[in-house]
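# Chains, contacts and geometry: an overview
Spelled out, the chains give:
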Amino acid sequence: MSATNRFVGQNADTPLSKTTKFPLIMRFLFYSTLISLACSVITIQGQAQTAPFERDNNTTATYTETIQFYQQLAQRFPRYVRLTEAGPTDAPYPLHTAIISVDRLFDPAKARKAGNLILMINNAIHPGEPCGVDASMLFLRDYLQDPAKRELLRGITLVVIPFYNIDGGLNRGPFSRANQNGPAAYGFRGNARNYDLNRDFIKADSRNAQTFNQVYGVWRPHVFIDNHTSNGADYQYAMTLIATQPDKLPALLRDYLRQELLPQLYKGMAQKGRDMTPYVNVDETPEKGIAGFLDLPRYSSGYAALHHAISFMPEAHMLKPYADRVLGTYALLEVMLNAVGKDRSRILALRQQAEDQCARQEEFPISWAPDRNREDSLWFKGYTARYRPSEVSGLERLYYDRSAPWEGFIPYRPYYQTTQTVKKPVAYIIPQAYQEVIERLRWNGITLHRLREAADIDVEYYSLEDYKTRTSAYEGHYPHYQVEVKPIQRTQHFQQGDYVIFVNQPGNRYIVETLEPQAPDSYFSWNFFDGVLMQKEYFSSYVFEDLAAAYLKDHPEIREELEQRRQQDPEFAKSARAQLDFVYRRSPYYEPTYLRYPVARLLRIDQKLPLD
Ligand SMILES: [Zn+2]
């Protein structure tokens, strides 16, 4: 059963579905009154729905208003809109998805088969940055109710998340974004468990992210947009754009994004009189140059890139009036729809090639760094950065002088290069005990097999030779980094039901970048395998003395090694315990699972695997 259908019909505790507890006749009366009221509003006003933003341009819709607006859309355009409860969140309310298709292709498999492009739009991941919430409401209403615009939706199935971080949205107020110019009230960045959902796509601690993973795994969009508002410098643009780092994409998608789609988007925005610039990722001020952003898989666009989507995080500028930010986001949705509609068959073909290529690819990059040898120039419209004494500290402070706009070329460094690659195994084998890992792979559409019976299999393991751990909590974890591994070969006894994941799938990037422990957003980095980082058994020196002596008698090469170490290391020579430990670690008494990454790499297929 697809995730998108799983919660349909459940009596989830949404503001409106509470009415389902009333007797049928009451519900009928309630809805018929509601519908006749809505109809009279339509007739009287001549236009159907208005959003809170349209009644006051410094207002963003609350979560409840947003869902009510989508419910009205679904009632007004039942042929084209399906509003679905996709699954639970950390809030008391479920995550809604609105599927919009004028071709009436609401099923992911059917939409793909018919050659529709799947365009997914996510809103309110950071509820304090709600431009996308209001812009999406207006955009969908306008494109559904205007027959000419509606035609532009042909060939495209839209999957819209009206409000992702519901929990953060319920925590509403005017203060949490100190530097932002409106709206009057807005939600908070953290969700109910204080997670930043835009760091949660791989670890999926929040139920929001767990549901999102399942929605995404079912729809596998071709193009993905996650709407935000920026922080940082001041400049003339109301809209900036983070495109997923093109150098992390397969070459054909990279070239299409960088050379064709991005120029179309910037040009389209300029034609609408809403100039847009690449996201202003600066060390100090824009004059010194803008660098490309490395969207690791923890971020929405980086996560989408693991599935070969062309993905974006539009960032409206926090200091521009709220109306400019909403209308800028709206304009970008229009420009995007127009561009990907025009290039639809091109994007579908590139995506297919990328998936085929990825399924066959042998080497996978797992980490990247800025390419310092390459630089472009970018025409930029800024405000002059100046300094004056601070009224708070008396020290020099930066300010941007809006009375002194400037235009000119600045350095632009959007390029990244691969710093580490791994050769893929034929398959990874994961013990069934690691259910959290298994379910995340499954949510992401990865094909899993199981061992039909227990088996001894020749595999490669990684011995964890070194790693660092963050010393302060980061998004509910103490992630590991700078992981160093050494391959070790062994014959392992696997249990019936252990999981085998062949690395021959369109989802190969997801598999490799989560299961290779050295990848920055691997499950190992996110603490899913921390159990193996602690030794479970030790020895009593006085008992192990005799065993160690006997072992050295049978293993002169280890005795030799021990003597060498004693000569080189005087401290070691003085410690009886250290020397016993030296023998212990080289003996069969030492536990092989300590510091052994538990996901095995199957390197050859000459073994017969008893698969289900
Ligand atoms: Zn944001």
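On a predicted model such as this, the values are computed, not experimentally measured, just so you know. (Residues numbered from 1 in each chain as written. Predicted model: local features only at pLDDT ≥ 70, side-chain atom pairs only at ≥ 80, totals over all residues.)

Our next topic: the overall build of the protein chain. When helices and strands are counted, the protein chain shows 19 helices and 20 strands. Computed over C-alpha atoms, the radius of gyration of the protein chain comes to 28 Å, within 12% of the 25 Å expected from 2.2 N^0.38 for 612 residues, which places it in the range of a compact globule. Residue burial in the protein chain is summarised as follows: out of 612 residues, 43% are buried. Of all intrachain contacts in the protein chain linking residues separated by at least 6 positions in sequence, the fraction that spans at least 24 positions is 77%. (Helix = DSSP H or I, 4+ residues; strand = E, 2+ residues; numbered from the N terminus. Rg over C-alpha atoms; globule rule 2.2 N^0.38 Å. Buried ≥ 20, exposed ≤ 12 C-beta atoms within 10 Å, placed from the backbone. Contact = placed C-beta atoms within 7 Å.)

It is worth spelling out the nonpolar core at this point. Formed by 142 residues in total, the largest nonpolar core has its most connected members in Ile100, Leu119, Met336, Tyr428, Ile429 and Ile501. Residue contributions to this core peak at 12 residues, all from helix 12 (residues 322-342). Shared between two domains, this core takes at least three residues from each, and those domains are domain 1 (22-361) and domain 2 (424-535 + 593-602). Those residues in contact with Leu119 that lie beyond four places of it in its chain are Ile156, Leu158, Pro221, Val223 and Val340. (Core = buried A, V, L, I, M, F, W, Y, C linked by C-beta atoms within 7 Å. Domains from an automatic or database assignment.)

This part takes up the sheet that holds strand 19 (residues 499-502). Pairing is antiparallel in the open sheet, where six strands are placed in the order 16-19-15-20-17-18. Each of the sheet's edge strands pairs with one partner strand only, and the pair in question is strand 16 (449-450) and strand 18 (480-494). In this structure, strand 16 lies alongside strand 19, joined through two bridges in antiparallel fashion. Bridging across to strand 19, His449 finds its partner in Val500. (Pairing = 2+ DSSP bridges.)

Its 21 residues place the ends of helix 12 30 Å apart at the C-alpha level, agreeing with the 30 Å of an ideal helix rising 1.5 Å per residue. The buried fraction of helix 12 amounts to 15 of the 21 residues, a majority that puts the element mostly inside the structure. (Expected span 1.5 Å × (residues − 1).)

If you check the domain split of the protein chain, you get domain 1 (22-361), domain 2 (424-535 + 593-602) and domain 3 (541-585). At the junction of the two partners, domain 1 supplies 22 residues and domain 2 supplies 19 residues. Among the elements of the structure, helix 9 (207-219) and helix 13 (344-360) are those that each provide at least two residues to the side of domain 1 that touches domain 2.

Further remarks concern the environment of Gly476. You can see Gly476 is positioned in the loop between strand 17 (455-469) and strand 18. Between the alpha carbons of Gly476 and Leu253 there is a distance of 34 Å; along the sequence they are 223 residues apart. Those residues in contact with Gly476 that sit more than four places away from it in its chain are Tyr195 and Asp205.

Quick look at the environment of Val437 now. Looking at where Val437 falls in the secondary structure, it is placed in helix 14 (residues 435-443). A C-alpha to C-alpha distance of 21 Å links Val437 and His308, two positions 129 residues apart in sequence. Those residues in contact with Val437 that lie beyond four places of it in its chain are Ile430, Tyr523 and Phe528.

Right, let's talk about unusual backbone geometry for a bit. Each neighbour pair has its own omega, and for Gly182 with Pro183 the value is 0°, a cis peptide bond. Along the chain, the position of Pro183 falls in the loop between helix 8 (166-170) and helix 9. Even without being glycine, Ala204 reaches a positive phi, approximately 50°. Positionally, Ala204 belongs in the loop between helix 8 and helix 9. Residues other than glycine seldom take positive phi values, yet Asn527 does so here, at roughly 75°. When you line up the elements, Asn527 lands in the loop between helix 15 (508-515) and helix 16 (541-554).

Before going further, it helps to examine the sheet that holds strand 12 (residues 376-389). The strand order 9-13-12 describes an open sheet built from three strands, whose pairing is mixed. Where the open sheet ends on each side, the last strands, each with one partner, are strand 9 (290-291) and strand 12.

With that settled, the discussion passes to the pairing of strand 13 (residues 396-413). Examined bridge by bridge, strand 9 and strand 13 share two bridges and lie parallel to one another. Paired with Ala291 across the two strands is Arg413, which belongs to strand 13. Where strand 12 lies against strand 13, 14 bridges are found, and the strand directions are antiparallel. By the bridge assignment for strand 13, Lys381 is matched with Glu407. With antiparallel pairing between neighbouring strands as the criterion, strand 12 and strand 13 make up a hairpin whose turn holds six residues, including Gly394 at a positive phi of roughly 80°.

Let's shift gears to the confidence of the model for the protein chain. Across the protein chain, the average pLDDT comes to 92, with 92% of residues at or above 70. Every residue in residues 1-25 is under pLDDT 50, and counting partners more than four places away or in other chains gives 39 contacts. The low-confidence segment residues 35-46, where pLDDT is below 50, has two contacts with residues more than four positions distant or belonging to other chains. (pLDDT = per-residue confidence, 0-100.)

Moving on to the pairing of strand 1 (residues 81-87). Where burial is concerned, most of strand 1 is hidden: five out of the seven residues are buried. Across six bridges, strand 1 lies against strand 2 (residues 95-100) in antiparallel orientation. In the sheet register, Thr84 faces strand 2, and the bridge partner there is Thr97.

Once that is clear, we can look at the packing of helix 10 (residues 251-271) against helix 12. Contact geometry of helix 10 with helix 12 gives a least axis separation of 9 Å together with a crossing angle of 135°. Our classification of the angle between helix 10 and helix 12 gives oblique. Taken as a pair, helix 10 and helix 12 cross one another with a handedness that is right-handed. Across the interface between the two elements, Leu261, Gln264, Leu265, Gly268 and Met269 from helix 10 touch Ala331, Leu332, Val335, Met336, Asn338 and Ala339 from helix 12. The residue inventory of the contact of helix 10 with helix 12, partitioned by class, reads eight nonpolar, three polar and no charged. (Axes fitted to C-alpha atoms, helices over the stretch in contact; angles between N-to-C directions. Parallel < 35°, antiparallel > 145°, perpendicular 65-115°, else oblique. Left-handed = near helix turned anticlockwise from the far one by under 90°. Nonpolar A, V, L, I, M, F, W, Y, C, P; charged D, E, K, R; others polar.)

To continue, consider the environment of Arg207. Inspection of the secondary structure assignment puts Arg207 in helix 9. The partly exposed category is assigned to Arg207, around which 19 C-beta atoms lie within 10 Å. Beyond its immediate sequence surroundings of up to four residues, Arg207 is in contact with Pro88, Thr89 and Asp90.

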